[in-house]
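# Results of the structural survey
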Amino acid sequence: MGNQPLIVLSDDSQRTTGRDAQSMNITAGKAVAGAVRTTLGPKGMDKMLVDSMGSVVVTNDGVTILKEMDIEHPAANMIVEVAETQENEVGDGTTSAVVVAGELLAKAEDLLEQDIHPTTLAQGYRQAAERAGEVLEDVAIDVDVEDEEYLQQIAATAMTGKGAEGSKDLLAEIVVRAVQSIADEDGINTEYVEVEKSVGGSIENTELIEGVLISKDRVHENMPYFVEDANIALIDTALEVKETEIDAEVNVTDPDQLQEFLDQEEAQLRELVDKLVDVGANVVFCQKGIDDLVQHFLAQEGIMAVRRVKKSQVKQIARATGARAVSNVDDITEDDLGYAGSVAQKDVGGSDHIFVEDVEDAKAVTILLRGGTEHVVDEVERAIEDSLGVVRTTIEDGKVLAGGGAPEVELSLALRDYADSVGGREQLAVEAFADALEVIPRTLAENAGLDPIDSLVELRSQHSAGDAADGLDAYTGDVIDMGEEGVFEPLRVKTQALESATEAAVMILRIDDVIAAGDLAVSSDDGDDDDMDMGGMGGMGGGMGGMGGMGGMGGAM
Ligand code: ADP
Ligand code: MG
């Protein structure tokens, strides 16, 4: 054996081990939480994100901020995934989930410094999360899912702080009606609620269309603007002369032959239109193009036609009107047609839209969202998406929790009790978990400009006295029964957030060796940030041109 070191990694790879690896990952995770922290709650602030192409997003939505940020650090990305899971599973609570995950890491850091082993920590965190799930089930309130007032309050809570304040009641009502309309025996798929944005007017002009709205105009100007009792043909291929399977070359030797050839094509197109007329269609939605001649023939027959309808909207139309999309017009039958009481072209905010309405029991609906500017409309759309998610979840589960930090304070107290029954060092981890949860009420207070200590003390005392639904009214600063204020969130928003936050934190804590094929801390242009403390920051440079400008970051480092 020589003294030559054995090299198994390539020159470019970078390896960080032990405490350094842990602290690098924890820092990165905390930085992600810090980035969204100031947006939490009704008084949370918004962020303006500018990408490398200069396009701007102004948002309060946790998952949107993190997606736009172009985060590269692998541990930071694990926290971003927490937000994404939350978004996919329930649609709301993304900021809370990330903030809790960050705080779990921060509390773990203290314990690691006291030489508590990461696996002990992980074990304690898991036990705490499991117990927390049970406690939440206990304090959850059963709701009557037929009770629209409840549902509207839940819908409104999810929209708080997201630019929809002034019209919250109207939007909440629309969201609830939309979700109720699309529910069927298979459950609720919110994909069938389409949100069509149109800049102009005010949010108050937003309306629910019980049917489909297509942002196109009819394909030929001689077609009718309005069709009553519409029999709708849905076609997912182009309406044109069929291409031959093989490459054919036609040699034309005299002008008559050419004319004959063209006549043949025309006859073929005529046949397409005749077929549609025969089955009784008076409206045609085509997913692909429509040949000029076909347009002309359709117009002659008084049929309204729209081309290049998006695939997703073809699905919507099928669901709303009962039409079946056909690929070959030769095979179309009367049964394939859908029905709508009215199909009409109307002007919305200066551009033409086709409204497919008056359908019996619309199982696909459209929210026509209006608002002063594009950024406003985009943000309200995100609020509506969150809101659709919580209404769906509530109808599915029938269980809600009071908001405003109430569940977190309740959990925190319950977990401190529980910690006494957990022996060994895991007890410390359970206590750390209990402390970490208080980050939610603390942050709600901070963002509302209140004193977090005062608020927490009062919350704790109310909960110790048995008021499990007491939370922080971010507007007045009082600790009140959130149920009376109508601030409710689905139980699953909290249980999902806790589960994913715990899993991500535990996964990050258990890592003690980071072997990267390239440089981890790169992607910042100045190239001088190779010290580990900057790991989280440098890795997040990406499209944002360095994160230094983000207010929330400083606090987390
Ligand atoms: P998230 O992405 O986690 O949903 P939000 O910015 O929507 O983040 O904030 C959610 C938090 O705000 C929850 O803890 C919720 O209970 C709280 N909240 C919502 N509405 C109110 C209100 N009117 N008063 C107090 N807290 C509220
Ligand atoms: Mg929310």
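Remember, it's a predicted structure, so these values are computed and weren't measured experimentally.

## Quick word on the pairing of strand S9 (residues 283–286)
Neither face of S9 is left uncovered, since the one carrying Val283 and Phe285 and the one carrying Val284 and Cys286 both have all their residues buried. With four bridges connecting them, strand S8 (residues 226–235) and S9 associate as parallel partners. Within the sheet, the bridge partner assigned to Leu234 lies in S9 and is Phe285. One ladder, built from three bridges, connects S9 with strand S10 (residues 304–306); its direction is parallel. Opposite Val284, over in S10, you have Ala305 as the bridge partner.

## Comments concerning the pattern of salt bridges
Scanning all chains against the criterion turns up 26 salt bridges. Across the salt bridge formed by Glu381 and Lys197, the nearest N and O atoms sit 2.9 Å from each other. Of this pair, Glu381 sits in helix H11 (residues 374–397) while Lys197 is found in strand S5 (residues 193–199), placing the two residues 184 residues apart along the sequence. Given the relative accessible area of 17%, Glu381 is considered buried. Classification of Lys197 by relative accessible area gives partly exposed; the value is 36%. Note that Glu379 and Arg382 form a salt bridge whose closest N and O atoms lie 2.9 Å from each other. Within this pair, Glu379 and its partner Arg382 are both found in helix H11, separated by three residues, close to a single helical turn.

## Details of the site of ligand 1
Contacts to ligand 1 come from 22 residues, most closely from Asp92, Thr95, Ser96, Gly404 and Glu489. Contacts to ligand 1 include Gly93, whose backbone N or O atom sits 3.1 Å from an oxygen atom. Here Thr160 contributes a side-chain N or O atom positioned 3.4 Å from a nitrogen atom of ligand 1. In the complex, 96% of the free accessible area of ligand 1, which totals 570 Å², lies under the protein chains. Among the elements that take part in the shell around ligand 1, helix H4 (residues 94–113) stands out by supplying three residues, more than any other. The residue inventory of the shell around ligand 1, partitioned by class, reads seven nonpolar, 11 polar and four charged.

## A short note on the environment of Ile384
Of note, Ile384 is situated in helix H11. The spatial distance from the C-alpha of Ile384 to the C-alpha of Val219 is 32 Å, given a sequence separation of 165 residues. Non-local contacts of Ile384, meaning those with residues more than four positions away in its chain, are made with Leu171, Val175, Val195, Ile367 and Leu369.

## Concerning the domain arrangement of the protein chain
Under the domain assignment used here, the protein chain contains domain 1 (14–141 + 401–549) and domain 2 (212–361). Measuring from the centre of the C-alpha atoms in domain 1 to the corresponding centre in domain 2 gives 52 Å.

## Some points on the environment of Gly486
Along the polypeptide, Gly486 turns up in the loop between helix H16 (482–485) and strand S17 (488–490). Taking the relative accessible area as the measure of exposure, Gly486 reaches 5% and is therefore buried. Taking C-alpha positions, Gly486 is 12 Å from Val143, a pair spaced 343 residues apart along the chain. Not counting residues within four places of it along the chain, the set of residues in contact with Gly486 comprises Gln153 and Thr157.

## As for helix H9 (residues 292–300)
What H9 keeps buried is the set Val294, Gln295, Phe297, Leu298 and Ala299. Those residues of H9 that are buried are in contact with helix H8 (255–279) and S10. If you check the start of H9, you find a side-chain oxygen 2.8 Å away from the backbone N of Leu293, and it comes from Asp291.

## Considering unusual backbone geometry
A positive phi angle is found at Asp358, which is not glycine, with a value near 55°. Among the secondary structure elements, Asp358 is positioned in the loop between strand S12 (351–357) and strand S13 (365–371). Of note in the backbone geometry, Asp361 takes a positive phi value of approximately 50° without being a glycine. Tracing the chain through its elements places Asp361 in the loop between S12 and S13.

## Remarks on the nonpolar core
Formed by 69 residues in total, the largest nonpolar core has its most connected members in Leu66, Leu121, Tyr125 and Phe433. With residues up to four places along the chain from it excluded, the contact list for Leu121 reads Ala108, Leu111, Leu112, Ile116, Ala429 and Leu509.

## Looking at the sheet that holds strand S14 (residues 399–402)
Strand order in the open sheet formed by three strands is S4-S14-S17, with antiparallel pairing between adjacent strands. Looking at strand neighbours, the two that pair on one side only are strand S4 (141–142) and S17, the edges of this open sheet. The sheet contact formed by S14 and S17 spans three bridges and is antiparallel. In the sheet register, Val400 faces S17, and the bridge partner there is Pro490.

## Here we look at a nonpolar patch on the surface
Taken together, the side chains of Val250, Val252, Leu258, Phe261 and Leu262 present a nonpolar region at the surface, about 400 Å² in accessible area. Within the secondary structure layout, Leu262 lies in helix H8. With relative accessibility at 41%, the residue Leu262 sits in the partly exposed group.

## A closer look at the packing of aromatic side chains
Applying the stated criterion across every chain, the model contains two aromatic pairs. Between Tyr150 and Phe488 the ring centres are 5.2 Å apart and the planes differ by 55°, which places this aromatic pair in the tilted class. Taken together, the residues span a long stretch of sequence, with Tyr150 in helix H6 (residues 148–159) and Phe488 in strand S17 at a distance of 338 residues. Looking at Tyr150, the relative accessible area reads 23%, which means it is partly exposed. Positioned above the aromatic ring of Tyr225 is the side chain of Arg218, whose terminal nitrogen or guanidinium carbon lies 3.9 Å from the ring centre. The ring of Phe297 is capped by Arg270, whose NZ or CZ atom sits 4.6 Å from the centre of that ring.

## So, the sheet that holds S8
Read from one edge of the open sheet, six strands run S7-S12-S11-S8-S9-S10, paired in mixed fashion. Either end of the sheet is taken by a strand with one partner, and the two such strands are strand S7 (212–214) and S10. Direction aside, the axes of adjacent strands within the sheet are offset by 35° on average. Pairing analysis gives three bridges linking S7 to S12, with the strands arranged antiparallel. In the sheet register, Ile214 faces S12, and the bridge partner there is Ile354. Across the face of the sheet, helix H10 (residues 311–321) comes into contact with S7, S8, S9, strand S11 (338–348) and S12 while running at roughly 150° to S7.

Here is what the cut-offs are and how they apply
Residues numbered from 1 in each chain as written. Chains lettered and ligands numbered in written order. Predicted model: local features only at pLDDT ≥ 70, side-chain atom pairs only at ≥ 80, totals over all residues. Heavy atoms only, no water. Buried < 20%, exposed > 50% of the residue type's maximum accessible area, 1.4 Å probe, protein only. Helix = DSSP H or I, 4+ residues; strand = E, 2+ residues; numbered from the N terminus. Pairing = 2+ DSSP bridges. Salt bridge = Lys/Arg side-chain N within 4 Å of Asp/Glu carboxyl O. Near = heavy atom within 4 Å. Polar contact = N/O pair within 3.5 Å; in protein donor to acceptor, adjacent residues only side chain to side chain. Areas by Shrake-Rupley, 256 points an atom, 1.4 Å probe, with all protein chains shown as cover. Nonpolar A, V, L, I, M, F, W, Y, C, P; charged D, E, K, R; others polar. Contact = heavy atoms within 4.5 Å. Domains from an automatic or database assignment. Core = buried A, V, L, I, M, F, W, Y, C linked by side-chain atoms within 4.5 Å. Patch = residues over 30% accessible without salt bridge, like charges linked within 9 Å, V, L, I, M, F, W, Y side chains within 5 Å. Phe/Tyr/Trp six-rings, centres within 6.5 Å; stacked < 30°, edge-to-face > 60°. Lys NZ or Arg CZ within 6 Å of the ring centre and 35° of its normal. Axes fitted to C-alpha atoms, helices over the stretch in contact; angles between N-to-C directions.

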